[in-house]
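Chain by chain, the residues run as shown.
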Amino acid sequence: MKKVLFVSFESLPFVKTGGLADVVYALPKALDKNEFEVRVVMPMFKVVKEKYYQGMKYLDHIYIHSGYINEEANVYSYINEGIEYLFIENDTFFFRDGVYGYKDDAARFSFFNVAVLEMMIKLDYYPDICHEHDYHTAVLPALCKIRYNAIESIRNIKHVFTIHNLAYQGEYDKQVLFDYLAFDYWHYENGDLRYNDYCNFMKIGIHFADIVTTVSKTYANEIQTPEYGCKLDPILKYRNNDLYGIVNGIDVQSFNPKTDKSIAHNFDIRNYIVGKRENKLALQRSLGLKEDPDTLLVGMVSRLTFQKGADLILGALPEMLKGRVQIAILGTGESKYEYSFKMLEEGNKGRCVYYCGYNEGLAHLMYAGLDMLMMPSLFEPCGISQLISMRYGTLPFVRETGGLKDTVEPLNE
C-alpha cells in the first residue's frame, strides 16, 4: 500500500481562503483506500487551534534549525471523515488571525516546509509520494533532493506538485534561500534555485517535482504561453512532458441538493423545479430582496479581485439592473471592489445585495437559489463555483478560459 502525504496550507473543514481548501479536503477522501494510505499535513492556525485543539492527539515535539530560524513545534493528529490530519503547532508563525499576507511569509512558509521533513524523521513516517499544493509548499521537493538527500527514505520520495494558481508565486529576495532554508549558495549559482536573480518558490517546485499538475487541461496549455505564463512559461514548456492538466472535481456528498442541510428545500432531478423555486424564495427572503420567483436572480460567490472579473461585473450591473433582475454578491477581496459593491447596494436597495465576508451556509443557499451564477474570470485555473452551481441546477455564466472552458458547455459554439 502506497503512503501519500498531502502538504497544504489550507483544507476544509479547518481553514479556507479559496478553492485550494476544497480540493485538499475532497481528493484524499476520493483516493482508493485499498491502494493508498493518505494523510494531510498543515499548519495549526489560530482558527484551527481555537475550534479543534481539544479533539487532537499529541504525537511529538520537534526542533527546526534552518538558517536563522531556530524554533520548536508540536505535532498533533486529528481524524476527520476517515482521513488523518497532522498539524504542526508553532504560535510564532501560525497563531494569527489570517493565513497569508504577512511581512514574514517567506519565513513562515520556509519554516513549515522544513518542519514537515523534521516531523517525518521524528515520527519515522516516510511517505512514498508527497503531494505539494501551491507555492507555500513548493520548496519541499528541493529540500528532499538537496538538504535531506543523505536520508534514503526522504531521498526516495516522489513528488507531485500542483499549481492551483500560477499568478501567486512566492517571489522573495534570494537571501531567503540561505537565511531561512539553509541551502548552499552553489545551488543558487547553478540556476536550480534562482529565477531572475530572485528566490521564486513556484519556480523551485516546478523545477524539482517529479510530476507537475494543474487543475484543468486548458490551463495547463495556457500557462505555457507568455499571455498566461506569468513569466514562468519558459520553465513550464521545459517541463512539458511532466506537466498534466487534471480538472478539479467537487465533493458530491457535501454538495448534494438532496441532503444539504444548509438549503431551505432539498431536491433532486425529480422535483428540481419546486426545489429551485423554494430555495430562490428563501434566498430572497434571507437577503431582504422582494420575494418574486419570476424575477431573474443573478449572483456571484467569489473573491473580489481583478482576476475574477470584478471590474467586468461592476461595469455590467447598472445596465443589468434596468431589467427585471436582482443581484446577490457574496465575497471579500480588494478594498476598492468591496467599496464599489457596497455603493452599488446603497443605490439599489431591495434589488442588489452585497454580503461582505464568507458564509458557508449562505453560499450553499445561493448555489441552490440563484438562477444564474456569474464567473467572468479573466483567467481561471479551474474554478469550483461553476461545478457546484451546476450540481444545484444553477446556470453558470462564464468566460471561456482555463477550467471554465473545460467544464461548462457553451450555449453558442
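Here, the structure is the one placed above.
For every chain, the first residue of its written sequence is number 1, and the numbers climb from 1 along that sequence. Totals for whole chains, interfaces and linings use every residue, but because this is a predicted model, local features are given only for residues with pLDDT of at least 70 and side-chain atom pairs only at 80 or more, for both listing and counting. Remark: hydrogens and water are excluded; side-chain values derive from all non-hydrogen atoms of the structure.

Chemist: How should unusual backbone geometry be read in this particular structure?
Modeler: Of all residues except glycine, most have a negative phi; of all peptide bonds, most are trans. With an omega dihedral of 0°, the bond running from Leu12 to Pro13 counts as a cis peptide bond. Secondary structure follows DSSP: runs of H or I at least 4 residues long count as helices, runs of E at least 2 residues long count as strands, and numbering of each begins at the N terminus. Among the secondary structure elements, Pro13 is positioned in the loop between strand 1 (2–7) and helix 1 (19–30). For Asp197, which is not glycine, the phi torsion reads 65° and is therefore positive. Exposed residues in this analysis have more than 50% of their type's maximum accessible area, buried residues have under 20%, and partly exposed residues fall in between, with area computed by a 1.4 Å probe over protein chains only. When its relative accessible area of 55% is taken as the criterion, Asp197 is described as exposed. Non-glycine residue Lys231 carries a positive phi angle of around 70°. Position of Lys231 among the secondary structure elements: in the loop between helix 10 (217–222) and helix 11 (233–238).

Chemist: Whenever I open this one, a nonpolar patch on the surface confuses me. Can you help?
Modeler: A cluster of nonpolar side chains, Ile269, Tyr272 and Ile273, forms an exposed patch at the surface whose accessible area comes to about 370 Å². Given the relative accessible area of 42%, Tyr272 is considered partly exposed. Only residues whose relative accessible area exceeds 30% and that take part in no salt bridge are eligible for patches, with like-charged residues grouped when within 9 Å of each other and nonpolar side chains (Val, Leu, Ile, Met, Phe, Trp, Tyr) grouped when within 5 Å. Using a 1.4 Å probe, accessible areas were evaluated by the Shrake-Rupley method; residue-level cover was limited to the displayed protein chains. Criterion for a salt bridge: a side-chain nitrogen of Lys or Arg within 4 Å of a carboxyl oxygen of Asp or Glu.

Chemist: How should I be thinking about the pattern of salt bridges in this particular structure?
Modeler: Side chains that differ in charge, positive against negative, can pair when their charged atoms come close. With the rule as written, the count across this model stands at 22 salt bridges. The partner of Asp104 in a salt bridge is Arg96, with the nearest N and O atoms 2.6 Å apart. Taking the relative accessible area as the measure of exposure, Asp104 reaches 26% and is therefore partly exposed. Across the pair Arg324 and Asp292 runs a salt bridge whose closest N-O atoms are separated by 2.9 Å. Of this pair, Arg324 sits in the loop between helix 13 (310–320) and strand 13 (325–331) while Asp292 sits in the loop between helix 12 (272–287) and strand 12 (296–301), placing them 32 residues apart in sequence. Residue Arg324 is classed as exposed on the basis of its relative accessible area of 55%.

Chemist: Got a minute to help me understand the nonpolar core in this structure?
Modeler: One recurring pattern in soluble globular proteins: nonpolar side chains tend to sit buried together. Here the nonpolar core consists of buried residues drawn from Ala, Val, Leu, Ile, Met, Phe, Trp, Tyr and Cys, with membership extended through side-chain atoms lying within 4.5 Å. Of all hydrophobic cores here, the largest spans 90 residues; its most connected members are Phe201 and Ile206. If one sorts the elements of this core by residue count, helix 4 (residues 105–123) sits on top with 11 residues. Residue contacts follow a heavy-atom distance rule, with two residues in contact if any of their heavy atoms lie within 4.5 Å. Sequence-distant contacts of Phe201, defined by excluding residues within four places in its chain, comprise Ala106, Phe109, Ser110, Tyr135, Ala138, Val139, Gln169, Gly170, Tyr172, Val176 and Leu181. Residues Phe267, Leu283, Leu287 and Leu404 belong to the second largest nonpolar core, which totals 26 residues.

Chemist: Please explain the layout of surface pockets as it appears in this structure.
Modeler: Here a cavity denotes a set of grid points, spaced 1 Å apart and computed over the protein atoms alone, in which a 1.4 Å probe fits but from which it cannot get out, and a pocket denotes an open set meeting protein on both sides within 12 Å along at least five of seven lines; residues with an atom within 4 Å of a point are reported as lining. Grid points are joined across faces, edges and corners, and a volume is the space filled by probe spheres set on the points. Counted as a void, the largest pocket has a volume near 1000 Å³. Lining the largest pocket are 42 residues, with Thr17, Gly18, Gly19, Arg303 and Lys308 sitting closest to its centre. Contributing elements (two or more residues each) for the lining of the largest pocket: helix 1, strand 12, helix 15 (360–369), strand 15 (372–375) and helix 16 (385–391). For the lining of the largest pocket, the leading source of residues is helix 1, giving four residues. Residues were grouped as follows: Ala, Val, Leu, Ile, Met, Phe, Trp, Tyr, Cys and Pro as nonpolar; Asp, Glu, Lys and Arg as charged; and all remaining residues, including Gly, as polar. The class makeup of the residues in the lining of the largest pocket is 18 nonpolar, 16 polar and eight charged.

Chemist: Looking at this structure, I do not really get the sheet that holds strand 4 (residues 69–80). What am I missing?
Modeler: Sheet strands line up and pair through hydrogen bonds in the backbone, either parallel or antiparallel. At least two bridges found by DSSP between two strands are what make those strands a pair. If you walk across this open sheet you meet the nine strands as 3-4-5-2-1-6-7-10-11, and the pairing is mixed. Because the sheet does not close on itself, it has two edges, and the strands there are strand 3 (57–66) and strand 11 (243–245). Neighbour to neighbour, the strand axes of the sheet diverge by 25° on average, direction disregarded. Of the strand pairs in this sheet, strand 7 (residues 158–163) and strand 10 (residues 211–214) are connected by four bridges, and their pairing is parallel. The partner of Phe161 across the bridge, within strand 10, is Val212. This element, helix 4, spans strand 1, strand 2 (36–43), strand 3, strand 4, strand 5 (83–89) and strand 6 (129–133) of the sheet and lies at about 120° to strand 3. All axes here are fitted lines through C-alpha atoms, helices being fitted over the stretch that makes contact, and every angle between N-to-C directions spans 0 to 180 degrees. Together, strand 7 and strand 10 form the strand contacts of helix 9 (residues 201–208), whose direction differs from that of strand 7 by roughly 135°.

Chemist: Looking at this structure, how should I read helix 5 (residues 140–147)?
Modeler: Because an α-helix completes one turn every 3.6 residues, residues spaced three or four positions apart along the sequence face the same direction. Burial of helix 5 is extensive: six of the eight residues sit out of reach of the surface. For helix 5, every residue scored as buried is listed here: Leu140, Pro141, Ala142, Leu143, Cys144 and Ile146.

Chemist: Looking at this model, I keep getting lost on helix 15. Mind explaining?
Modeler: Of all the 10 residues making up helix 15, eight are buried; the element is thus mostly covered by neighbouring parts of the structure. For helix 15, every residue scored as buried is listed here: Leu362, Ala363, His364, Leu365, Met366, Tyr367, Ala368 and Gly369. For helix 15, the elements touching its buried residues are helix 12, strand 12, strand 13, strand 14 (352–356), strand 15 and helix 16. Throughout this description, a polar contact denotes any pair of N or O atoms lying within 3.5 Å of each other; where both atoms belong to protein, one of them has to be capable of donating a hydrogen while the other can accept it, and for residues adjacent in sequence the pair is counted only when both atoms sit in side chains. Capping the start of helix 15, Asn359 holds a side-chain oxygen 3.1 Å from the backbone nitrogen of Gly361, two or three residues further along.

Chemist: Got a minute to help me understand the packing of helix 4 against helix 5 in this structure?
Modeler: Axis angle and axis distance: for two packed helices, these are the angle between their axes and the distance between the axes, and together they describe the pair. Contact geometry for helix 4 and helix 5: axes closest at 9 Å, N-to-C directions at 55°. The orientation of helix 4 relative to helix 5 falls into the category oblique. In this structure, the crossing between helix 4 and helix 5 has a hand that is right-handed. Counting all contacts with helix 4, which are made through Asn113, Val114, Val116 and Leu117, the residues of helix 5 involved are Leu140, Leu143, Cys144 and Arg147. Taken together, the residues that form the contact of helix 4 with helix 5 break down as six nonpolar, one polar and one charged. Roughly parallel covers angles under 35 degrees, roughly antiparallel covers those over 145, roughly perpendicular covers 65 to 115, and oblique covers all other angles. In this scheme the handedness of a crossing depends on how the near helix is turned from the far one: anticlockwise by less than a right angle means left-handed, clockwise means right-handed.

Chemist: What should I look at first to understand the pairing of strand 2 in this one?
Modeler: Strand residues, when the strand is regular, have side chains that alternate between the two faces of the sheet. Summarising burial for strand 2: six of the eight residues are buried, a large majority. Here six bridges tie strand 1 to strand 2, and the two strands are oriented parallel to one another. Residue pairing in the sheet places Lys3 in a bridge with Glu37 of strand 2. Seen with the strands pointing away from the viewer, any crossover whose path from the first strand over the helix to the second strand runs clockwise is right-handed. Crossover connection from strand 1 via helix 1 to parallel strand 2: handedness right-handed. Bridging between strand 2 and strand 5 involves five bridges; their strand directions are parallel. Each residue of the ladder has a partner; that of Val41, found in strand 5, is Leu86.

Read these as layout, nothing more, since geometry by itself doesn't imply function.
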